[in-house]
Amino acid sequence: MRRLLPISLFLLPLAASCGHAPQPPGVIRVAQDSDPSTLDPARSYDTTSIIFTRLMYRGLVEYDFEAKIHEEVAQSYSISEDGKTYRFQLRPDVRWWDGKPVEAADFRYAIERALDPATASDGSSFFTGIEGAEEWMKSLETKTPLAHVKGIEVPSPREIVFHLAQSDSTFLARLTLPFAYAVPRDYVEGLRKQYGSGKLLSDALSEHPMGCGPFKFAEWVHDSSLRLEKNPDYFRPEFPKANTIQAQFGISTTLQTMLFEQGSLDVMPITDVFPADFLRLKNSPKWKGLIADAPMMDIRYMAMNNELEPFKDRRVRQAICYAINRDRIVSFLTGRASKARGALPEGVQSYDPKLFSYPYDPAKAKQMLKEAGYKQSAPIPMIYPLTEPWYAKAAQSIQQDLEAIGIKIETKGMRYGDLKAIASRRGPKGGRLVMQGWLQDFPDPSNYLDPLFNKRSIRDAGSLNRSFYSNPKVNELLDSALLTPNGPARWQKYQEAQRIIVNDAPVVFLHNTRRYVIRQPRVKGFQLHPEWNATYEYLTVD
């Protein structure tokens with residue numbers, strides 16, 4: 001049931017325990033500023049949704065703490081010499097929460113749901129390389145549905161085979177994403193009969209999850225709280241180590257900081273807290289050894305809609321890149337960010353330390369606008385998310401920088417879900433200037449460059465390419481790189497593509513972030529994962 005609670009009410013369970021009574025062991029207390037947008041794996045693509053979806057569901061393969069892929073629900077797998085056939089054998093001991101066995105057909109069903117246009121999954125493009133995927137999607141749109149995607153075979157309940165149209169160096173990594181997590185086919189079809197198809201079905205599965213992961217769904221009060229309980233029948237009996245995850249939503253970073261210092265939260269990201277709070281926590285002897293940090297592996301940027309005026313003109317886009325003082329924006333994050341050099345953060349293959357980076361040069365920006373014949377009639381709208389405090393300050397800074405060269409903009413902060421809907425919509429009703437970020441799905445240059453800059457990622461709705469940028473040479477390089485085995489030849493193609501992208505300036509690359517997470521002394525076994533923001537199944541809470 002969806003309902004809103006006054007902030008004073010949903011803080012009571014946390015505030016009541018502030019140091020006045022011993023905390024129950026095995027309960028992990030966390031907080032977020034907003035609800036998950038969904039608990040349906042097919043649509044889980046924002047950070048908060050992935051955190052909780054991942055704890056309830058599982059895929060064929062998974063990343064370990066060294067960013068290496070290992071078997072998860074799969075017991076073993078093999079890849080053909082030509083790189084086009086992937087064969088998986090499933091473990092016999094994996095069961096849904098209702099006791100029924102997880103079968104290969106459940107994985108096929110999950111990926112077909114992600115591909116189904118009616119599901120509106122952000123992950124559909126990750127699986128269009130499977131043989132017959134495009135034909136299957138078209139058959140659904142034309143109301144002449146094929147039974148299944150041709151390239152997904154289920155020879156037996158414990159075996160699934162994927163045939164790719166072309167070899168793809170990243171396909172195994174794509175199977176680690178929530179979109180490829182198994183969902184129980186019979187259970188979801190039962191929801192379909194009750195609630196309907198498309199978004200209605202997705203909403204129903206989100207409200208009534210059925211997973212096989214380490215934690216079971218217990219209760220979700222929207223805009224207030226979510227509780228997960230230990231799954232005693234999880235196929236890895238050593239996990240989870242905790243009994244309960246209690247998440248509170250609608251709590252600002254300032255309130256989260258206060259509650260953590262009072263002892264009412266156990267684990268808290270401090271990447272986005274206000275500078276004064278961050279510095280106090282980071283430098284306090286009390287928390288020494290209890291703060292972990294690592295690269296976020298993200299890119300924060302401002303997209304310019306390349307299909308709309310005035311951003312069709314590369315000179316205007318380049319002028320904007322020169323006009324923005326990125327050093328000032330980085331300073332807002334108090335040592336938690338570094339100026340970006342292109343789309344790839346340092347540490348990702350194909351990162352180029354010599355890649356051209358636009359300096360702050362307002363005079364050059366003015367000259368380029370003059371050469372482009374730029375004339376403004378009405379202010380250009382720019383939207384930014386309200387998820388992190390620095391966005392508002394950066395938006396104001398950008399507004400000042402652009403006004404200094406003769407470009408007037410109007411800024412508006414939005415909830416992430418609303419911003420996403422506008423930013424991913426093609427045409428004049430979509431975004432013009434959009435501040436946002438991209439966090440890697442898997443550690444490969446393709447995961448940055450393909451979603452953000454390949455023509456294949458442009459959609460009329462749900463577009464991942466939010467600058468709506470397309471350059472035939474870039475498209476060719478990116479498509480070719482996917483077919484090239486890992487090695488120097490592949491990495492060079494991505495470097496060449498990125499040089500073209502930076503020159504075309506479809507976006508302003510702002511910065512890369514470093515993430516920081518603080519924990520209470522009673523939390524044991526904490527370790528930052530290279531892929532996932534939260535891996536609570538490994539934590540012990542005294």
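Just above sits the structure.
Model, not experiment: these values are computed from the prediction.

(A) How the structure looks around the sheet that holds strand β10 (residues 244–248). Reading across the sheet, the 4 strands line up as β1-β10-β9-β8 and stay open at both edges, with mixed pairing between neighbours. The outermost strands of the open sheet, each flanked by one partner alone, are β1 (27–31) and β8 (215–221). When strand polarity is set aside, the average angle formed by the axes of neighbouring strands in this sheet is 15 degrees. Both β1 and β10 contribute to a ladder of 5 bridges, which runs parallel.

(B) Spatial organisation of the packing of aromatic side chains. With the rule as written, the count across this model stands at 20 aromatic pairs. When the centroid spacing of 5.6 Å and the interplanar angle of 35 degrees are considered together, the rings of Tyr 77 and Phe 88 count as tilted. Of this pair, Tyr 77 sits in strand β4 (residues 74–79) while Phe 88 sits in strand β5 (residues 85–90); the two residues are 11 residues apart in sequence, bridging distant segments of the chain. For Tyr 77, a relative accessible area of 28% corresponds to the partly exposed category. Against the face of Phe 278 rests Arg 336, its NZ or CZ located 4.2 Å from the ring centre.

(C) Molecular detail of the side chain of Ser 463. Considering the arrangement of structural elements, one finds Ser 463 in the loop between α15 (446–453) and α16 (472–482). Look at Ser 463 and you get buried, because its relative accessible area is 0%. Within polar-contact distance, the side chain of Ser 463 engages the backbone oxygen of Asn 465 at 2.9 Å. Sequence-distant contacts of Ser 463, that is, excluding residues within four places in its chain, are made with Ser 424, Ser 457, Ile 458 and Phe 468.

(D) Geometry of the sheet that holds β4. An order of β4-β5-β7-β6 is seen for the 4 strands of this open sheet, with the pairing classed as antiparallel. Only two strands of the sheet have a single neighbouring strand rather than two, namely β4 and β6 (152–156). Across the sheet, the mean angle separating the axes of adjacent strands is 20 degrees when strand polarity is ignored. Pairing geometry for β4 and β5, over 5 bridges, is antiparallel. Residue pairing for β5: Tyr 77 is matched across the bridge by Phe 88.

(E) Structural detail: the side chain of Asn 325. Considering the arrangement of structural elements, one finds Asn 325 in the loop between α10 (314–323) and α11 (326–331). Of note is the side chain of Asn 325, whose polar atom sits 3.3 Å from the backbone nitrogen of Asp 327. Sequence-distant contacts of Asn 325, that is, excluding residues within four places in its chain, are made with Tyr 360 and Asp 401.

(F) Looking closely at the environment of Gln 89. Among the secondary structure elements, Gln 89 is positioned in strand β5. Classification of Gln 89 by relative accessible area gives partly exposed; the value is 29%. With 128 residues separating them along the chain, Gln 89 and Phe 217 place their C-alpha atoms 27 Å apart. Apart from the residues within four sequence positions on either side, Gln 89 is in contact with Ala 74, Gln 75, Ser 76, Arg 158 and Glu 159.

(G) Summary view of the pairing of strand β7 (residues 159–163). Burial analysis of β7 places 5 of its 5 residues in the buried class, the great majority of the element. Residues of β7 alternate between two faces, with Glu 159, Val 161 and His 163 on one and Ile 160 and Phe 162 on the opposite face, all of them buried. Inspection of the sheet shows β5 paired to β7 by 5 bridges, in the antiparallel sense. From the neighbouring strand, Phe 88 faces β7, where its bridge partner is Ile 160. Sheet topology note: the β6/β7 ladder contains 3 bridges and is antiparallel. Across the sheet, Glu 153 pairs through a bridge with Val 161, a residue of β7.

(H) Main features of empty space enclosed by the protein. This structure, assessed with the given rule, holds 3 cavities of 30 Å³ or more. Of the voids in this model, the largest cavity is the one considered here, and its volume is about 90 Å³. As for the largest cavity, its lining consists of 15 residues, and the residues nearest its centre are Cys 321, Arg 326, Tyr 358, Val 502 and Phe 509. Taken together, the elements giving at least two residues each to the lining of the largest cavity come down to α17 (488–504) and β18 (507–519). The element that contributes the greatest number of residues to the lining of the largest cavity is β18, accounting for 3 residues. Of the residues assigned to the lining of the largest cavity, the class counts are 11 nonpolar, 2 polar and 2 charged.

The rules we used
Residues numbered from 1 in each chain as written. Predicted model: local features only at pLDDT ≥ 70, side-chain atom pairs only at ≥ 80, totals over all residues. Heavy atoms only, no water. Pairing = 2+ DSSP bridges. Helix = DSSP H or I, 4+ residues; strand = E, 2+ residues; numbered from the N terminus. Axes fitted to C-alpha atoms, helices over the stretch in contact; angles between N-to-C directions. Phe/Tyr/Trp six-rings, centres within 6.5 Å; stacked < 30°, edge-to-face > 60°. Buried < 20%, exposed > 50% of the residue type's maximum accessible area, 1.4 Å probe, protein only. Lys NZ or Arg CZ within 6 Å of the ring centre and 35° of its normal. Polar contact = N/O pair within 3.5 Å; in protein donor to acceptor, adjacent residues only side chain to side chain. Contact = heavy atoms within 4.5 Å. 1 Å grid on protein atoms, 1.4 Å probe; cavity = no way out; pocket = protein on both sides within 12 Å on 5 of 7 lines; lining within 4 Å. Points joined across faces, edges and corners; volume = space filled by probe spheres on them. Nonpolar A, V, L, I, M, F, W, Y, C, P; charged D, E, K, R; others polar.

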